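Single-letter residue listing:
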Amino acid sequence: MFDFYQVSDLLSPEEREVQRAARRFLEAEALPHIAKWWEEAEFPTHLIRRFGEMGFLGPSLPTEYGGLGASAATYGVVSYELERIDSGLRSFCSVQSSLVMYPIWAYGSEEQKRFYLPKLARGELVGCFGLTEADGGSDPDSNMKTRARRDGDDYVLSGSKMWITNGNLAHIAIIWAKDEEGEVRGFIVPTDSKGFRANKIHHKASLRASVTSELVLEEVRVPKSALLPGVKGLKGPLSCLTQARFGIAWGALGALEAVYTEALEFAKSRSTFGAPIARRQLVQEKLVRMAADHTKGLLLAWRLAQLKDQGKLKPAQVSLAKRDNVRAALNGARAAREILGGSGITLEYHSIRHMLNLETVDTYEGTHDIHTLILGRELTGENALGESS
Ligand code: TGC
Ligand code: FAD
């Protein structure tokens, strides 16, 4: 494991053991097959229950609801190990843990928590999170056309969602819609409801080992007990994004470790002009940049986990870590691909797969530039996002 500043010494023995166990499991069960799954645009559904057994699904939630009551860093190291194999595996677990289990835990009724959370933790049920719509995901408030109309004891949902991870795998969808007062509300919608349709998005050149879908809701009727009663307004979905972005800040570094170690090994064994390319200053500069970014990113992620456990975490701090760690991983993957030369364009090596995946990771959960503007607003008090924000 690459850990230049021994950040793992800052983890508890339990956190280190979770990380070791996750690495052992994923190296045995996923690493040998990931290139094939990615090439064939296949998500390994047979691993979902195994992820549950390993405690990858909602580890931070209390044990009474099926979680492990684990620390923030535990969720972090699990995300790291998953994304060290592929961003698509981390995405599956991010959505299930942070975007489906978290809102049910934070905003659900006791009945909803007891019914859904243990099944989601075991991987018996899969969820997805529908916030983004086709007209501009960066501004989910102004662009939200999905509506929830009250009709007696029911709500009737109409609209569509775009780019939804796990959409075609999910048994339930957390759908964010505006009610008749124009307030954003969250609903737990069974995907076998009449009028609900998921259309798989094909021809992706990124995150291919992950299912991405369009969701269509045509007058989908759900009982009022499907409403998440504990939150109103955009802060509902945005608070879920804070949880997921925290995991991504760790996860991206797993991908960066994978491409760095691959490029380092290649550079040591590849000789041109009478010496290994690892002896060349231009190659060393790229490797040093990757190692430095990984080291700084890990310290950032670890400190963020402490702040999270202490209840002091600010969303803008998460924006900084998501923005910088993902861009560092993307730049590292591009450099690793370059060090590998022609070999770097094939799926025999991992770097180009990580590089292409990280293009999505740089875009979802708030694009790089949106996080820049969130941080700019935090630092200056001036809003450069635009008129409606
Ligand atoms: P703004 O005025 O900033 O905020 C509205 C209310 O929300 C609160 N808030 C937050 N709360 C918790 N966590 C956060 N990160 C929060 N950010 C804001 C805020 O305090 C306010 O509360 P209140 O009580 O005053 O009402 O709203 P805005 O319209 O100006 O928002 C702008 C912006 C840019 C921050 C927001 O729209 C944004 O984050 N846009 C990016 C959208 C995004 O990230 N979408 C991701 C969709 S899900 C996804 O990509 C899943 S990929 C999963 C995978 O496969 O891994
Ligand atoms: P837009 O918002 O249209 O942005 C286009 C470009 O304009 C970007 O470069 C952006 O940075 C820039 N831009 C936008 N506004 C500004 C501004 N004010 N100033 C400067 N530049 C600006 N969403 C979900 O709800 N659930 C999911 O599970 C989910 N999974 C996803 C999986 C994949 C594979 C992908 C690709 C996306 C997923 N998303 C999901 C959606 C994702 O969150 C959005 O793609 C993202 O928020 C950006 O929205 P957009 O694609 O509509 O781009």
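Parameters at a glance
Residues numbered from 1 in each chain as written. Chains lettered and ligands numbered in written order. Predicted model: local features only at pLDDT ≥ 70, side-chain atom pairs only at ≥ 80, totals over all residues. Heavy atoms only, no water. Helix = DSSP H or I, 4+ residues; strand = E, 2+ residues; numbered from the N terminus. Rg over C-alpha atoms; globule rule 2.2 N^0.38 Å. Buried < 20%, exposed > 50% of the residue type's maximum accessible area, 1.4 Å probe, protein only. Contact = heavy atoms within 4.5 Å. Areas by Shrake-Rupley, 256 points an atom, 1.4 Å probe, with all protein chains shown as cover. Lys, Arg positive; Asp, Glu negative; His and termini not counted. Charge placed at Lys NZ, Arg CZ, Asp CG, Glu CD. Near = heavy atom within 4 Å. Polar contact = N/O pair within 3.5 Å; in protein donor to acceptor, adjacent residues only side chain to side chain. Nonpolar A, V, L, I, M, F, W, Y, C, P; charged D, E, K, R; others polar. Pairing = 2+ DSSP bridges. Phe/Tyr/Trp six-rings, centres within 6.5 Å; stacked < 30°, edge-to-face > 60°. Expected span 1.5 Å × (residues − 1). Salt bridge = Lys/Arg side-chain N within 4 Å of Asp/Glu carboxyl O.

A. Local environment of the overall build of the protein. Summing up its helical and strand segments, the protein has eleven helices and nine strands in all. By the compact-globule yardstick of 21 Å for 389 residues, the protein fits well, its C-alpha radius of gyration being 21 Å. Taking the principal axes of its C-alpha atoms as reference, the protein extends roughly 80 × 45 × 45 Å. When the 389 residues of the protein are sorted by exposure, 54% land in the buried category. Relative to all contacts within the protein whose residues are 6 or more apart in sequence, the contacts with residues 24 or more apart total 73%. Carbon and sulfur atoms provide 51% of the accessible area of the protein, an area that totals close to 16900 Å². In the protein, 48 positive and 49 negative side-chain charges are present, and the distance between their average locations comes to 2 Å.

B. Highlighting the site of ligand 1. By nearness alone, 27 residues border ligand 1, and Ser91, Thr242, Arg245, Gly366 and Arg377 come closest of all. Within the contact set of ligand 1, an oxygen atom lies 2.7 Å away from a side-chain nitrogen or oxygen of arginine 377. If ligand 1 stood free it would expose 1100 Å²; the protein chains cover 75% of that surface. Contributions of two or more residues to the shell around ligand 1 are made by helix H5 (87-107), helix H7 (235-269) and helix H11 (368-380).

C. Region of interest: the site of ligand 2. Inspection of the region around ligand 2 gives 20 residues, with Thr132, Gly137, Ser138, Trp163 and Leu385 positioned closest. At 2.7 Å, a side-chain N or O of threonine 132 approaches a nitrogen atom of ligand 2. Threonine 367 places a polar side-chain atom, nitrogen or oxygen, 2.7 Å from an oxygen atom of ligand 2. Every element with two or more residues in the shell around ligand 2 is listed here: strand E3 (154-165), helix H10 (351-363) and H11. Residue composition of the shell around ligand 2, grouped by class: nine nonpolar, nine polar and two charged.

D. Spotlight on the pairing of strand E2 (residues 147-151). Sheet topology note: the E2/E3 ladder contains five bridges and is antiparallel. Across the sheet, the residue bridging to alanine 148 is leucine 157, located in E3. In sequence, E2 turns back onto E3 through a hairpin of two residues, with glycine 152 there showing a positive phi of about 65°.

E. Spatial organisation of the packing of aromatic side chains. The full count for this structure, using the stated rule, is 14 aromatic pairs. Between phenylalanine 51 and phenylalanine 56 the ring centres are 5.6 Å apart and the planes differ by 40°, which places this aromatic pair in the tilted class. Taking the relative accessible area as the measure of exposure, phenylalanine 56 reaches 1% and is therefore buried. Plain terms: the ring middles of tyrosine 102 and tryptophan 105 are 6.2 Å apart, the flat faces sit at 50° to each other, and that makes the pair tilted. Remark: tryptophan 105 and tyrosine 102 occur in helix H5; sequence separation between them is three residues, near one turn of the helix. In this structure tyrosine 102 comes out as buried when scored by relative accessible area, which is 15%. For tryptophan 105, a relative accessible area of 31% gives the class partly exposed. One aromatic cluster in this structure is built from Phe25, Phe43, Phe51, Phe56 and Phe92.

F. Quick peek at H10. With 13 residues, H10 extends 19 Å between its outermost C-alpha atoms, agreeing within 8% with the 18 Å of an ideal straight helix rising 1.5 Å per residue. Those residues of H10 hidden inside the fold are in contact with helix H2 (34-39), helix H4 (72-85), H5, H7, helix H9 (315-339) and H11. Residue glutamate 365 follows H10 closely and has a positive phi angle near 60°.

G. A look at the environment of isoleucine 345. Considering the arrangement of structural elements, one finds isoleucine 345 in the loop between H9 and H10. C-alpha of isoleucine 345 to C-alpha of arginine 303: the two residues are 42 residues apart in sequence and 36 Å apart in space. Beyond its immediate stretch of four places on either side in the chain, isoleucine 345 contacts Arg337 and Ile352.

H. Layout of the pattern of salt bridges. Overall, the coordinates contain 28 salt bridges when judged by the stated rule. Notably, a salt bridge pairs glutamate 27 with arginine 84, separated by 2.8 Å at the nearest N-O pair. Here glutamate 27, found in helix H1 (residues 13-29), pairs with arginine 84, found in helix H4; they are 57 residues apart in sequence, far enough to count as distant. Relative accessible area serves as the criterion here: at 33%, glutamate 27 is assigned to the partly exposed category. For the salt bridge of glutamate 359 with arginine 334, the shortest nitrogen-to-oxygen distance reads 2.6 Å. Of this pair, glutamate 359 sits in helix H10 while arginine 334 is found in helix H9, placing the two residues 25 residues apart along the sequence.

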